[in-house]
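Chain residues, written in single-letter form:
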Amino acid sequence: ADLRWGGADLRRSLFGSVWLTLEPRVPVAVVVDTPPLLMDAGGTIYDPSPAELQRALGGLPRMTLGRGLRYSAVAFAAPVDRRRVAELANGLRDILGDTPVGIEVRERGLVLLTIQECRIVLGTLAQYPEKLATLRRVINDQPDLFRRAKEINLMVPDHPRFIERTSGGASTSDTRNSSP
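Residues numbered from 1 in each chain as written. Predicted model: local features only at pLDDT ≥ 70, side-chain atom pairs only at ≥ 80, totals over all residues. Heavy atoms only, no water.

1. Observations concerning unusual backbone geometry
Backbone geometry places glutamine 116, a non-glycine residue, at a positive phi of 50 degrees. Residue position: glutamine 116 is located in the loop between β8 (111-115) and β9 (118-123). Of note in the backbone geometry, glutamate 117 takes a positive phi value of approximately 65 degrees without being a glycine. With respect to the helices and strands, the residue glutamate 117 is situated in the loop between β8 and β9. (Helix = DSSP H or I, 4+ residues; strand = E, 2+ residues; numbered from the N terminus.)

2. Notes on the nonpolar core
In terms of nonpolar packing, the biggest core is built from 37 residues, with Leu88, Leu92, Ile103, Ile120, Phe146 and Ile152 touching the most fellow members. Of all the elements, helix α3 (residues 82-96) adds the most residues to this core, at 7 residues. Leave out the neighbours within four places in its chain, and leucine 92 touches Gly97, Val101, Ile103, Leu113, Leu132 and Leu135. Judged by nonpolar contacts, the second largest core, of 6 residues, contains Val30, Tyr46, Leu53 and Leu60. (Core = buried A, V, L, I, M, F, W, Y, C linked by side-chain atoms within 4.5 Å. Buried < 20%, exposed > 50% of the residue type's maximum accessible area, 1.4 Å probe, protein only. Contact = heavy atoms within 4.5 Å.)

3. Some words on the side chain of lysine 131
For lysine 131, the position within the fold is in helix α4 (residues 128-141). For lysine 131, which is buried and forms no salt bridge, the nearest opposite charge comes from glutamate 130, at a distance of 7.9 Å. There is a polar contact of 2.9 Å between the side chain of lysine 131 and the backbone oxygen of threonine 124. Apart from residues lying up to four places away in sequence, lysine 131 is in contact with Leu122, Gly123, Thr124, Ala126, Leu154, Met155 and Pro157. (Lys, Arg positive; Asp, Glu negative; His and termini not counted. Salt bridge = Lys/Arg side-chain N within 4 Å of Asp/Glu carboxyl O. Polar contact = N/O pair within 3.5 Å; in protein donor to acceptor, adjacent residues only side chain to side chain.)

4. Points about a nonpolar patch on the surface
Together, Trp5, Leu10, Val18, Leu20 and Leu22 make up an exposed nonpolar region whose accessible area comes to about 500 Å². For the nonpolar patch, the elements supplying multiple residues, two or more each, are β1 (5-12) and β2 (18-24). Top contributing element to the nonpolar patch by residue count: β2, with 3 residues. Along the chain, leucine 22 falls in strand β2. (Patch = residues over 30% accessible without salt bridge, like charges linked within 9 Å, V, L, I, M, F, W, Y side chains within 5 Å. Areas by Shrake-Rupley, 256 points an atom, 1.4 Å probe, with all protein chains shown as cover.)

5. A closer look at the pairing of strand β3 (residues 27-31)
Taken across its 5 residues, β3 has 4 buried, putting it largely inside the fold. Bridge count for β3 against strand β4 (residues 37-40) is 4 bridges, and the pairing is antiparallel. Each bridged residue has a counterpart across the sheet, and for alanine 29 the counterpart in β4 is methionine 39. Linking β3 to β4, which pair antiparallel, is a turn of 5 residues. (Pairing = 2+ DSSP bridges.)

6. So, the environment of phenylalanine 146
Among the secondary structure elements, phenylalanine 146 is positioned in helix α5 (residues 145-148). Taking the relative accessible area as the measure of exposure, phenylalanine 146 reaches 7% and is therefore buried.

7. Observations concerning the pattern of salt bridges
What the rule picks out here adds up to 7 salt bridges. One salt bridge connects aspartate 9 with arginine 11, and the closest N-O pair in it is separated by 2.6 Å. The exposure class assigned to arginine 11 is exposed, which follows from its relative accessible area of 53%. Salt bridges sharing partners connect three or more residues here, namely Asp144, Arg147, Arg148 and Glu164.

In short, shape yes, function no, at least from these values alone.
Structural data, given as structure tokens:
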């Protein structure tokens, strides 16, 4: 089957006419693989046409998936729901626009982001809407945080923590109580 198509609708009239409507998949992330693949909003990973891949490379998040999470036969038993990963990718585009972002999903469900050389630890996808809301708030409150922070930990969205880049090492702070 050609997975580039997200759906099809076939209709017939009483007079013998037939209409076929194909709905193309809309990619939300590039899955870094050899060759690169795309993930749609439903979490389906598919092999794109060269033109579609070229368009997607321009602004979609780059995603690295643990080996067992790439293929649909294994994904049903995997600890990560790829549909939620796709929703995360969409949410990141809403927050960050065209800012390059890397998404790493490890086989046991740990999700890590990379934005401007800043590592963001989300942990699992539990509470990911709250984690995205916290990320949005942190960006609005401290727009230069990605340049200054080495790591932001959002595993507990109500208590985000960061490790700041310093010349003599790293210091850890709670973003609620300080203005780095």
